[in-house]
Amino acid sequence: MLAWLAPLLVLGLVVFVHELGHFLAAKMVGVYAPRFSLGWGKPLWRWRPAGSETEYVISWLPIGGYVRMASRDDETMAKIEGGAEESAEADAAAAAGEHWDPEAMIPHGPKPIPSDRWFESKSTLQRVFILLAGVTMNALLTIVVATGIYASYGRQTIPAVVDSVLAGRAAERAGFLPGDSVTSVDGATIRHWGDFLREVTARPAQTVAIGVVRSGAPMTLTVETEASDEADPTTGAPVTVGRIGMGAVNRTIREEIGLGESVALGWRTTWSMAGAVTGVLGGLVRGTVGVETLGGPIAIARTSVAAAKTGLEPLMTLIAFLSINLAVLNLLPVPILDGGQIIVTVAEGVRGRPFTIRTRENLMKAGVAVILVLFSVVMFNDLKSLVTSWIS
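Remember, predicted model here, so these are calculated numbers, not experimental data.

Asks: Go over the sheet that holds strand β6 (residues 188-189), please, and point to the residues and values.
Replies: The strand order across the open sheet formed by 4 strands is β6-β5-β7-β8, and the pairing between neighbours is antiparallel. In this open sheet, the two strands that pair with only one neighbour each are β6 and β8 (217-224). Where strand β7 (residues 207-214) meets β8, 8 bridges bridge the pair, whose relative direction is antiparallel. Paired with V212 across the strands is M219, a residue of β8. In the packing of helix α6 (residues 193-201) onto the sheet, contacts are made with β5 (181-185), β6 and β7, and the angle to β5 comes to roughly 45°.

Shown next as structure tokens:
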């Protein structure tokens, strides 16, 4: 039963961390933030602690969230987010209501917002800092979760045990047999297949002494590695690597690692995930990846439930992946997203004056149109996948 709550946990945590980044950054530079909402639309629950400037809200559509800041775009964004506050006059008419505070600033009370508390009153650098804070927090969440997974569960590795030896290749000539356990390469200790592959790759066309254990007995085999011209998996540049022509067993083991290595792997995993998302987006732009690859809320919900049923590790891995997805997607140059807002903010700083309200509203509307198209595509893919699974 608890597995069905996984989508709310996954989406809620990822969105909460993103919006918390914007909120904390706004507070740090002195921007007035009257509302912090999880979800879009009409508030289901709202709470403003005594003496607090900010009202904390949970809204009815739990697939997003926002931080309301004092800004000239407040009315436009309110319409987009479905969380439009009442005007000061309307609030005054409802002064007896439970959400009205005669000592608070608009929209919680009658007091005007000081000019130095508006988003636009801050420097270009401070505004970019606020806009980048959300994606930064998502990246940090991914690093923390990935690090926690490695620290708690260890690293999945392939044991350094030979499964197959290709006929006519260097390994066969050197006398390797299936079942051999590799222990060293030129004196370097081998813990798993990745270590062995790295050492051999770095030695093209060289004579290498490889320690193995066969049927419990240690021995050393000497092999002449082959030089193979391949593309670097990271840069794509041509490189010459060492190969001997044998493969590992098809199973994985857990290797316990220390906190330092866990952190390093957490960073590396985050970078790898971000690269994968960027690659998909680049493929969409180039036309080499189809829009059918895009999944939406239904796909996330189904994946979350499946991950929760499998165990905590898959669920945490999904949180890390979705968090870095949100970070990368928010950097797209679409006006309503953080990336688009950063471009607009920098452009205003370069030109020395802000764009007109009409221009910013038009940019926002264009951004909303792009997001609606994207949302329609992912929802179509979600429903198509759902119907297909039901039929099959």
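Read on for the rest.
Asks: Can you lay out the packing of aromatic side chains for me, pointing to particular residues and giving the numbers?
Replies: On inspection of all chains with the given rule, the structure shows 7 aromatic pairs. Measuring from centroid to centroid gives 6.0 Å for F16 and F36, while their planes differ by 15°, and the two rings are stacked. Residue F16 is found in helix α1 (residues 6-29), and its partner F36 is found in strand β1 (residues 35-47); the two are separated by 20 residues along the sequence. F16 gets classed as partly exposed once you look at its relative accessible area, which sits at 33%. According to the relative accessible area criterion, F36 is buried, its value standing at 7%. Put simply, the rings of F16, F23, F36, W45, W47 and Y56 pair up and form one aromatic cluster.

Asks: I'd like a rundown of the confidence of the model for the protein, residues and numbers included.
Replies: With 86% of its residues at a pLDDT of 70 or more, the protein has an overall mean of 83. This stretch, residues 76-96, has a pLDDT under 50; its non-local contacts, to residues over four places away or in other chains, come to 33 contacts.

Asks: Residues and numbers for the pattern of salt bridges, please.
Replies: Inspection of the entire model under this criterion finds 20 salt bridges. Between D195 and R191 there is a salt bridge, and its shortest N-O distance comes to 3.4 Å. We note a salt bridge from E230 to R243, for which the minimum N-O separation is 3.1 Å. Of this pair, E230 sits in strand β9 (residues 226-231) while R243 sits in strand β10 (residues 238-243); the two residues are 13 residues apart in sequence, bridging distant segments of the chain. The exposure class of E230 is partly exposed, given its relative accessible area of 29%. Residue classification places R243 among the partly exposed positions, given a relative accessible area of 25%.

Asks: Give me the lowdown on the environment of E120, citing residues and values where you can.
Replies: Residue placement: E120 occurs in the loop between α3 (88-93) and α4 (124-153). Overall, E120 belongs to the partly exposed group, its relative accessible area being 21%. Sequence separation between E120 and V31 is 89 residues; the distance between their C-alpha atoms is 9.1 Å. Side chain to side chain, E120 and S71 meet in a polar contact 2.7 Å long.

Asks: Please give an account of the packing of α1 against α4 that cites residues and values.
Replies: Put simply, α1 and α4 touch, their axes get as near as 8 Å, and they point 145° apart. Crossing angle aside, the handedness with which α1 passes α4 is right-handed. Along the contact surface, α1 presents L13, V14, V17, H18, L20, G21, H22, A25, A26, M28 and V29, while α4 presents Q126, F129, I130, L131, A133, G134, V135, M137, N138 and L141. Classifying every residue of the contact of α1 with α4 gives 15 nonpolar, 6 polar and no charged.

Asks: Which residues make up the packing of α4 against helix α10 (residues 338-351), and what values go with them?
Replies: As a packed pair, α4 and α10 sit with axes 10 Å apart at the nearest point and diverge in direction by 175°. Relative to α10, the element α4 is oriented roughly antiparallel. Here α4 contributes T124, R127, V128, L131, L132 and V135 to the contact with α10, which in turn contributes D338, Q341, I342, T345, V346, E348 and G349. When its residues are assigned to classes, the contact of α4 with α10 shows 6 nonpolar, 4 polar and 3 charged.

Asks: I'd like a description of α6, backed by residues and values.
Replies: Along α6, the positions that sit buried rather than exposed are W193, D195, F196, E199 and V200. The arc enclosing the buried residues of α6, seen along the axis, measures out at 160°, which places them on a common side. Residues of α6 that are buried sit in contact with β4 (162-165), β5, β6, β7, β10 and β11 (246-248).

Asks: I'd love a proper account of the nonpolar core, names of residues and values included.
Replies: Residues V10, V145 and I319 are the most contacted members of the largest nonpolar core, which totals 21 residues. For this core, the elements supplying multiple residues, two or more each, are α1, α4, α7 (259-286) and α9 (312-330). Broken down by element, this core gets its largest block of residues, 8 residues, from α9. Beyond its immediate chain neighbours, meaning those up to four positions away, I319 contacts V10, L13, V14, L141 and V145. One finds W193, L221, V223 and I244 within the second-largest nonpolar core, a separate group that totals 19 residues.

Asks: I'd love a proper account of the environment of L125, names of residues and values included.
Replies: Residue position: L125 is located in helix α4. When the C-alpha positions of L125 and V346 are compared, they lie 8.5 Å apart, and in sequence the two are 221 residues distant.

Rules used throughout
Residues numbered from 1 in each chain as written. Predicted model: local features only at pLDDT ≥ 70, side-chain atom pairs only at ≥ 80, totals over all residues. Heavy atoms only, no water. Pairing = 2+ DSSP bridges. Helix = DSSP H or I, 4+ residues; strand = E, 2+ residues; numbered from the N terminus. Contact = heavy atoms within 4.5 Å. Axes fitted to C-alpha atoms, helices over the stretch in contact; angles between N-to-C directions. Phe/Tyr/Trp six-rings, centres within 6.5 Å; stacked < 30°, edge-to-face > 60°. Buried < 20%, exposed > 50% of the residue type's maximum accessible area, 1.4 Å probe, protein only. pLDDT = per-residue confidence, 0-100. Salt bridge = Lys/Arg side-chain N within 4 Å of Asp/Glu carboxyl O. Polar contact = N/O pair within 3.5 Å; in protein donor to acceptor, adjacent residues only side chain to side chain. Left-handed = near helix turned anticlockwise from the far one by under 90°. Nonpolar A, V, L, I, M, F, W, Y, C, P; charged D, E, K, R; others polar. Parallel < 35°, antiparallel > 145°, perpendicular 65-115°, else oblique. Arc of directions from axis to C-beta. Core = buried A, V, L, I, M, F, W, Y, C linked by side-chain atoms within 4.5 Å.

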